[in-house]
Amino acid sequence: MMPFLEVLQIYCARGLSSLTLRLKHLISMNLFHMRGLRRLNAEAPRLTDLFVVDCFRSSFFRDGACIVAEDLEALWWQDWYCPSLVNFNKMPRLQELIVSPFYGERCNYFNPTCDRLLKLLPRIHCLQMFIPIEPYSVTDMVLKESITGLPNIRILCLKLIHLRHSYGATVLHFLTMCTGIVKLII
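Here we summarise the structure given alongside this text. Quantities reported herein were computed from a predicted structural model and do not represent experimental measurements. Here the residue index of a chain counts from 1 through its sequence in written order. For this predicted model, a pLDDT threshold of at least 70 governs which residues receive local features, and a threshold of 80 or more governs which side-chain atom pairs are given and counted, while totals over whole chains, interfaces and linings are taken from all residues. The basis for every side-chain value is the complete set of non-hydrogen atoms in the structure, without hydrogens or water.

Points about the overall build of the protein
Stated formally: Note on conventions: DSSP H or I runs of at least 4 residues are helices, E runs of at least 2 residues are strands, and numbering of each starts at the N terminus. Throughout, exposure labels follow a simple rule: accessible area from a 1.4 Å probe, protein chains only, divided by the maximum for the residue type, with under 20% read as buried, over 50% as exposed, and the rest as partly exposed. Any two residues having at least one pair of non-hydrogen atoms within 4.5 Å are treated as being in contact. A 1.4 Å probe and the Shrake-Rupley method give the accessible areas. Residues count as covered only by the protein chains that appear here.
Looking only at helices and strands, the protein has three helices and 12 strands in total. The burial tally for the protein puts 46% of its 186 residues in the buried class. Considering only contacts within the protein whose residues lie at least 6 apart along the sequence, 54% involve residues at least 24 apart. Put simply, the protein shows about 9800 Å² of open surface, and 55% of that area lies on carbon and sulfur atoms.

Structure (structure tokens):
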């Protein structure tokens, strides 16, 4: 219907269970808080930026996602990821990955997802991680056990929300996994 669409943003949509896109001019796609999304099929060969935040829940997400975007440069994936349900084509131009591991109650949900995604994309150059550190909820060991490796990155950006809790051990944990970084942003 819109063959020249370059930017698609969908925020807080409910009831949209299936989304299929074939847009050859799409450059940027932002999907935020799409409750009940069961299927996503996107063919966007010129897509450079993809943001997916809180759209898939493991209990509802059964049909899967297939994303074909050969020109993708930045991927922000703050959501559930399972290799058998989410299929990315080869993304040779991907430079930046933005993910969010967690402390606290949601860590068992997101951290294995984050770790699987990091292992899928070993050739990125820049990694941004949003890490809320909650006091009195769990120890540093939970995050250390759930994030077991990082890609061979050159730029690491840790965005810490420390909520009056110490974060030195967390920073040290990530620094020991990526000794080849040339730029560190905390």
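Right, picking up where we left off after that structure.
Quick notes on the nonpolar core
In plain terms, the rule: Definition of nonpolar core: a set of buried residues of the types Ala, Val, Leu, Ile, Met, Phe, Trp, Tyr and Cys, connected through side-chain atoms within 4.5 Å. Domain limits in this description derive from either an automatic procedure or a database domain assignment.
Residues Trp77, Phe88 and Leu127 are the most contacted members of the largest nonpolar core, which totals 49 residues. Here this core spans two domains, since at least three of its residues come from each of domain 1 (1-93) and domain 2 (95-185). Sequence-distant contacts of Leu127, that is, excluding residues within four places in its chain, are made with Leu97, Val99, Leu118, Leu150, Ile153, Ile155, Leu156 and Cys157.

What about the pairing of strand β4 (residues 39-43)?
So the rule is basically this: The criterion for strand pairing is that DSSP finds at least two bridges linking the strands in question.
Every second residue of β4 is oriented toward a common face, the buried set being Leu40 and Ala42 and the non-buried set Arg39, Asn41 and Glu43. Pairing between β4 and strand β6 (residues 64-68): five bridges, direction parallel. Opposite Arg39, over in β6, you have Gly64 as the bridge partner.

A look at the side chain of Gln128
Definition in use: Two N or O atoms count as a polar contact when they lie within 3.5 Å, although within protein this holds only if one can serve as hydrogen donor and the other as acceptor, and sequence-adjacent residues are included solely when both atoms are side-chain atoms.
Residue position: Gln128 is located in strand β10 (residues 126-132). Looking at Gln128, its side chain comes within polar contact range of the side chain of Glu96, at 2.4 Å. Excluding anything up to four places from it in sequence, Gln128 contacts Glu96, Leu97, Ile98, Val99, Cys157 and Lys159.

Topic: the pairing of β6
Summarising the sheet, β6 and strand β8 (residues 86-88) pair through three bridges and their orientation is parallel. Opposite Cys66, over in β8, you have Asn87 as the bridge partner.

Details of the side chain of Thr48
Structurally, Thr48 can be placed in the loop between β4 and β5 (49-53). In contact with Thr48, not counting residues within four places along its chain, are Ile27, Asp71, Leu72, Glu73 and Ala74.

Considerations on a nonpolar patch on the surface
The criterion, for reference: Exposure above 30% relative accessible area and the lack of any salt bridge qualify a residue for a patch; like charges then connect within 9 Å, and the nonpolar side chains Val, Leu, Ile, Met, Phe, Trp and Tyr within 5 Å. Just to be clear on terms, a salt bridge is a Lys or Arg side-chain nitrogen sitting within 4 Å of an Asp or Glu carboxyl oxygen.
Together, Tyr167, Leu184 and Ile186 make up a nonpolar patch on the protein surface, roughly 280 Å² of accessible area in all. Take Tyr167: it is sitting in the loop between β11 (155-161) and α3 (168-177). By relative accessible area, Tyr167 is classed as partly exposed at 34%.

Considerations on unusual backbone geometry
At His33, a residue that is not glycine, the phi angle is positive and equals roughly 55°. Mapped onto the fold, His33 is located in the loop between β3 (28-32) and β4. Among the residues examined, His33 registers a relative accessible area of 31% and is labelled partly exposed. Not every positive phi belongs to a glycine, and Asp54 is a case in point at roughly 55°. The class for Asp54 is buried, based on a relative accessible area of 12%.

So, the sheet that holds strand β9 (residues 96-99)
For clarity, the cut-off: Each axis is a line fitted through C-alpha atoms, taken for helices only over the stretch in contact, and angles between the N-to-C directions span 0 to 180 degrees.
Sheet architecture is open: eight strands sit in the order β1-β3-β5-β7-β9-β10-β11-β12, paired in parallel fashion. Edge positions in the sheet fall to β1 (7-11) and β12 (183-185), since each of these pairs with one other strand and no more. Shown here is a sheet whose adjacent strand axes are inclined to one another by a mean of 10°, direction ignored. Direction of pairing for β5 relative to strand β7 (residues 74-78): parallel, over a ladder of five bridges. Across the sheet, Val52 pairs through a bridge with Trp77, a residue of β7. Taken strand by strand, α3 contacts β10, β11 and β12, and its axis lies near 160° from that of β11.

Topic: the sheet that holds β8
Reading across from one edge, β2-β4-β6-β8 is the order of the four strands in this open sheet, with parallel pairing throughout. Of all the strands in the sheet, the pair left with one neighbour each is β2 (18-22) and β8. Adjacent strand axes in the sheet meet at a mean angle of 5°, parallel and antiparallel pairs treated alike. Where β2 meets β4, five bridges bridge the pair, whose relative direction is parallel. Within the sheet, the bridge partner assigned to Thr20 lies in β4 and is Asn41.

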